[in-house]
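Read off the chains here:
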2 protein chains.
Amino acid sequence: MKKSAFEVGRSSARLPMPAYISGSGCIAGSKESEGPLARQIDHLSTDDKFGMDSWEAAESFLQKEAVRILLEKSGTDKREIRYLFAGDLLGQSIASSFGLLDYEIPLFGLYGACSTCGESLSLGAMTIATGLASKVVCVTSSHFASAEKEFRFPLEYGAQRPKSSTWTVTGSGAFLVTAERSVNVLAAITEVTTGRIIDMGIKDNSNMGCAMAPAAADTIRQHLEDFGRDPQEYDWIITGDLGQVGSKALIDLLAGKGIDISANHMDCGTTIFDIEKQQVGSGGSGCGCAAVTLAAHILPRIKSGEWKRVLFLPTGALLSKTSFNEGLAVPGIAHAIVLEHV
Amino acid sequence: MKKSAFEVGRSSARLPMPAYISGSGCIAGSKESEGPLARQIDHLSTDDKFGMDSWEAAESFLQKEAVRILLEKSGTDKREIRYLFAGDLLGQSIASSFGLLDYEIPLFGLYGACSTCGESLSLGAMTIATGLASKVVCVTSSHFASAEKEFRFPLEYGAQRPKSSTWTVTGSGAFLVTAERSVNVLAAITEVTTGRIIDMGIKDNSNMGCAMAPAAADTIRQHLEDFGRDPQEYDWIITGDLGQVGSKALIDLLAGKGIDISANHMDCGTTIFDIEKQQVGSGGSGCGCAAVTLAAHILPRIKSGEWKRVLFLPTGALLSKTSFNEGLAVPGIAHAIVLEHV
């Protein structure tokens, strides 16, 4: 079979040109305000409704605000943005639809559960690196209360949460991806490895970490195989929201394939919260978890040169309340991008 | 602002190379079996559950089967497919997640409501035309019963349907998009105009046609402006699923801007069903409506040269039962591609 010039191995692409992350904007809620990344988050609120009258409207506000902060910080007019690549966890992605309406920017709506941050940056970078656009914005969000209502029980029900459960981050991160390398460039996206759906039969909707770990393992293994690399060639291999339980499963699964990432694996879900002090179960989760951690914690370190090369792979659990109630398992998916210091 | 080489006007891209639609596969259910396109649909079933035990599983089967038919008809091995671009109408896109699981192909999950067929072909064509992949598959689906349950009432409830309502097509269409021009090529995708979210305040979830018409009008107007063309330069301007009510609204909206598409506008929703005989309200709708009509009716005519150039724009209504129950309006979005005879 004839491959195109940029296809690498089974699932990866080497972008013809780097796509530069030239700006970011992030916002988060009360729980995140008490966490270790608080000081690096652009905007924090102790009101998790952000002045809105529903949890869904609050999440829409998060996306709107993350993009507003991004445009303001980077001195970009919204009319310069060619495309929005956006998504969230809610049914029919309503946080994005209602949050991004006012920007009047052509929109590609995405759904990859909590992996959507990686999916949006993959497609955004592919569009930029091939010259189809000069500036795009990738934005994703999640909200603890809207997610609990969407996937499990409304908060008012007072359901107990097992230790394996993760705490959906109330937050949104937006990223400006550009063809031009500006003076304020944060990182370059140079390679993309796209995940496939992996189902290991996990049926517990309070253990998303274990549902997603096989997909993360598959994408990491495939990425390393496609490019013929060792895990040690990355400063960090960063998953989106496996939490403590899922991270252990990931390391075990890869060890079983002879791949050792124990020394340089990091998970956004165990970074954004203080697991011991904050009673968040296994860690943080949601599209907002990877997005806010990328904006607040990861990109500044790549920009400074402290980290030279990072494999960043948000992880998603592909369930709905309907599929769960119908007794189906929870397949996972994980989309990876390579972030490099420039 | 510096534009990239392929950006045209505000919202369009001229692809650096044509992306060829080299194969299609489609499947539909009982209502479609009685409609005017029945003989051109690859696989029909009078069992709308397709042997499955839930409507959602039936819809997953539709996607799986559409891709299987496509691969078989085009003599393509699934391992040749670089990416799947897929989506559906259900919460968290579970028809795609569970339907496409077994193919083990890297997946970009999309959500654009009933516009997802256009979104998937836009992104698929962009990926192919820039050399990032040599073969991708774009697939979307909808199912009457799973959609009624998801957005309005389960069928068992026996709710009456107003005349303005549309009948969600039970069907799926899959398309093979390639960089190479095969002997069996059906059409070339040469240009893409990406829709933005348009909200005119329509709050009636039984009148999706009027909710989507403003978005269709916006995308058509923008497309013509971007390329400096008249509607008459297309054999047909084909919307996805506006139905009779929405089509009239579209023609009126554009007439108000001095654009007359009354002579060459066609809607998949009024093509796939016989509106008078089949009691489908205003017409067909759903991601499956545009996808099946494209596969069964539009592409054969472009292939034969009967039609030389078509503007194809699936239309989506961005609502969920949550946003509807919270009293929000139904914004629309429409993603256009230009299909040309080769």
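Quick look at the structure, then.

This next bit is on the interface of chain A and chain B. Listed as interface residues are 74 residues of chain A and, on the opposing side, 74 residues of chain B. A buried area of about 5,800 Å², summed over both sides, lies between chain A and chain B, and 60% of it is on carbon and sulfur atoms. Inspection of the region where chain A meets chain B yields 4 salt bridges. One salt bridge in this structure joins glutamate 326 of chain B and lysine 149 of chain A, with 3.3 Å as the shortest N-O distance. At the junction of chain A with chain B, the criterion picks out 30 residue pairs in polar contact (both at pLDDT 80 or more). For the side of chain A that touches chain B, the secondary structure elements donating two or more residues are strand S1 (7-8), strand S2 (12-28), strand S4 (83-87), helix H3 (94-100), strand S5 (107-109), helix H4 (116-129), helix H5 (144-151) and helix H10 (321-325) of chain A. Considered class by class, the residues forming the side of chain A that touches chain B number 35 nonpolar, 22 polar and 17 charged.

A separate point is unusual backbone geometry. Peptide bonds are mostly trans, and most non-glycine residues show a negative phi. Residues and elements named next belong to chain B. In this model, alanine 113 sits at a positive phi of 50°, which is unusual for a non-glycine residue. Positionally, alanine 113 belongs in the loop between strand S5 (107-109) and helix H4 (116-129). Given the relative accessible area of 1%, alanine 113 is considered buried. The backbone of glutamine 279 shows a phi angle near 50°, a positive value even though the residue is not glycine. Of note, glutamine 279 is situated in the loop between helix H9 (275-278) and strand S12 (284-285). On the basis of relative accessible area, glutamine 279 is assigned to the exposed category, the value being 67%.

A few words on the packing of aromatic side chains. For any pair of aromatic rings, the description consists of the separation of the ring centres together with the inter-plane angle of the planes. All names here are of chain A. Going through the model one piece at a time under the given rule, you end up with 14 aromatic pairs over all chains. Here the aromatic rings of tyrosine 83 and phenylalanine 85 are separated by 6.2 Å at their centres, their planes lie at 65°, and the arrangement is edge-to-face. The same class applies to tyrosine 83 and to phenylalanine 85, which are both buried. Ring geometry for tyrosine 83 and phenylalanine 108: centres 5.2 Å apart, planes at 45°, overall tilted. A residue pair is termed long-range when its members are at least 10 positions apart, and tyrosine 83 in strand S4 and phenylalanine 108 in strand S5 qualify at 25 residues. The class for tyrosine 83 is buried, based on a relative accessible area of 0%. Assessed through its relative accessible area of 0%, phenylalanine 108 is described here as buried.

With that out of the way, let us pick up helix H5 (residues 144-151) of chain B. Residues and elements named next belong to chain B. For H5, the buried fraction is high: 7 of the 8 residues fall into the buried class. Residues of H5 that are buried include every one of Phe144, Ala145, Ser146, Ala147, Glu148, Glu150 and Phe151, and no others. Those residues of H5 that are buried are in contact with helix H2 (55-74), strand S6 (135-142), strand S7 (167-168) and helix H11 (321-325).

Placing chain A over chain B gives an RMSD of 0.0 Å and needs a rotation angle of 180°, together with 0.0 Å of translation along the axis. Both copies are brought into coincidence by an operation consistent with a two-fold rotation axis. Looking at chain A, 100% of its interface residues are interface residues in chain B too, so the copies touch through the same face.

Parameters at a glance
Residues numbered from 1 in each chain as written. Chains lettered and ligands numbered in written order. Predicted model: local features only at pLDDT ≥ 70, side-chain atom pairs only at ≥ 80, totals over all residues. Heavy atoms only, no water. Contact = heavy atoms within 4.5 Å. Buried area = accessible area lost by both parts, 1.4 Å probe. Salt bridge = Lys/Arg side-chain N within 4 Å of Asp/Glu carboxyl O. Polar contact = N/O pair within 3.5 Å; in protein donor to acceptor, adjacent residues only side chain to side chain. Helix = DSSP H or I, 4+ residues; strand = E, 2+ residues; numbered from the N terminus. Nonpolar A, V, L, I, M, F, W, Y, C, P; charged D, E, K, R; others polar. Buried < 20%, exposed > 50% of the residue type's maximum accessible area, 1.4 Å probe, protein only. Phe/Tyr/Trp six-rings, centres within 6.5 Å; stacked < 30°, edge-to-face > 60°. Least-squares fit on C-alpha atoms with pLDDT ≥ 70 in both.

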